[in-house]
Amino acid sequence: CRSALDLVPFGIKPLLRRAAAYEALERYQLAYVDYKTVLQVDCSVQAAHDGVNRMTKALLEKDGVNWRQKLPPIPTVPVSAQMRWSIPSAGAPGANTPPATAPRGGPGESTAAGTERARTLKEEGNELVKKGNHKKAVEKYSESLKLNQECATYTNRALCYLTLKQYKEAAQDCTEALRLDPKNVKALYRRAQALKELKDYKSSIADIKSLLKTEPKNTAALRLLQELNRA
């Protein structure tokens, strides 16, 4: 794997293989770093999402709530490496459709520029949320999503919709986020909140139970489940 990564830095397959090897050796911190690196290259790789979820659970059990503080640094993937995987080479074996999170810039707009602009807009949205301006934040997140469909941007916009009591929109955003990352805890929790307000208690409970499979001690989820059982 190391030889392959020397030849192709940030290659998805070598990183996944090395992560699996680290996981088998119970070197969970190093496996977590490799899985997270894969998601920087292409955040639609389901094997990496599953790996991150497994490692999070294992490290939480092993090192407690402060497990993140013991992690080695996660390398920053250069935009050039992200582009290599998001733009299939013509005629290359296995070159298929771009990942679900591929930037959707207009004609002539480079992938890198689109991704960077999407990130900037998301950060502007985050700052507006901190200031309590959720309506304006929704506009920023919406602009960002036109350029790059990212799980975190959907869950952030869903939070705004919840605050604005637009529960159908919140549930829809969480569904989109879960399409990209089926076990995303924030998406499951926020969709459960939205469904509760829409009085779809059965579906809300199902989301909370799915969340608790990943994080069985999530206090906010356990509290919401109690409220739903009383509803």
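### Let's talk about helix α3 (residues 28-41)
Thought 1: Relative to the 20 Å expected for 14 residues at 1.5 Å per residue, α3 spans 20 Å between its end C-alpha atoms, a close match to the ideal helical length.
Thought 2: Where burial is concerned, most of α3 is hidden: ten out of the 14 residues are buried.
Thought 3: Among all positions in α3, only Y28, A31, Y32, V33, D34, Y35, T37, V38, L39 and V41 are buried.

### Structural notes on the packing of helix α10 (residues 185-197) against helix α12 (residues 219-230)
Axis angle and axis distance: for two packed helices, these are the angle between their axes and the distance between the axes, and together they describe the pair.
Thought 1: It is at 11 Å that the axes of α10 and α12 come closest, and there the two elements cross at 20°. It follows from the interaxial angle that α10 and α12 lie roughly parallel. The handedness of the crossing between α10 and α12 comes out as left-handed. Residue-level contacts link Y189, A192, Q193 and K196 of α10 to A220, A221, L224, E227 and L228 of α12.

### Side note on unusual backbone geometry
Thought 1: Phi is positive for E26, close to 65°, though the residue is something other than glycine.
Thought 2: Mapped onto the elements, E26 comes out in the loop between α2 (12-24) and α3.
Thought 3: Backbone geometry at K165 places phi at a positive 65°, although glycine is not the residue there.
Thought 4: Relative to the elements of secondary structure, K165 occurs in the loop between α8 (151-163) and α9 (167-180).
Thought 5: The class for K165 is exposed, based on a relative accessible area of 61%.

### Examining the pattern of salt bridges
Thought 1: Overall, the coordinates contain 13 salt bridges when judged by the stated rule.
Thought 2: Here R18 ties to D34 by a salt bridge, and the two come within 2.7 Å at their closest N and O atoms. Residue R18 is found in helix α2, and its partner D34 is found in helix α3; the two are separated by 16 residues along the sequence. In this structure, R18 and D34 share a single accessibility class: buried.

### Some points on the side chain of D34
Thought 1: Look at D34 and you get buried, because its relative accessible area is 4%.
Thought 2: Within the structure, the side chain of D34 is placed 2.7 Å from the side chain of R18, a separation counted as a polar contact.
Thought 3: Leaving out residues up to four positions away in the same chain, D34 has contacts with L15, R18, A19 and Y22.

### Details of the confidence of the model for the chain
Thought 1: Taken residue by residue, the chain gives an average pLDDT of 81. The fraction at 70 or more is 81%.
Thought 2: With pLDDT under 50 throughout, residues 4-8 is counted as low confidence; its partners more than four residues away or in other chains account for eight contacts.
Thought 3: Below pLDDT 50 for its whole length, residues 83-110 participates in 42 contacts with residues either more than four positions away or in separate chains.

### A few points about the packing of helix α7 (residues 134-147) against α8
Thought 1: Put simply, α7 and α8 touch, their axes get as near as 9 Å, and they point 155° apart. By the angle between their directions, the pair α7 and α8 is classed as roughly antiparallel. Seen along the crossing, α7 lies across α8 with a hand that is left-handed. On α8, the residues that touch H134, A137, V138, Y141, S142, S144 and L145 of α7 are T153, Y154, N156, R157, C160, Y161 and T163.
Thought 2: Its residues assigned to classes, the contact of α7 with α8 shows seven nonpolar, six polar and one charged.

Calculation notes
- Residues numbered from 1 in each chain as written.
- Predicted model: local features only at pLDDT ≥ 70, side-chain atom pairs only at ≥ 80, totals over all residues.
- Heavy atoms only, no water.
- Helix = DSSP H or I, 4+ residues; strand = E, 2+ residues; numbered from the N terminus.
- Expected span 1.5 Å × (residues − 1).
- Buried < 20%, exposed > 50% of the residue type's maximum accessible area, 1.4 Å probe, protein only.
- Axes fitted to C-alpha atoms, helices over the stretch in contact; angles between N-to-C directions.
- Parallel < 35°, antiparallel > 145°, perpendicular 65-115°, else oblique.
- Left-handed = near helix turned anticlockwise from the far one by under 90°.
- Contact = heavy atoms within 4.5 Å.
- Salt bridge = Lys/Arg side-chain N within 4 Å of Asp/Glu carboxyl O.
- Polar contact = N/O pair within 3.5 Å; in protein donor to acceptor, adjacent residues only side chain to side chain.
- pLDDT = per-residue confidence, 0-100.
- Nonpolar A, V, L, I, M, F, W, Y, C, P; charged D, E, K, R; others polar.

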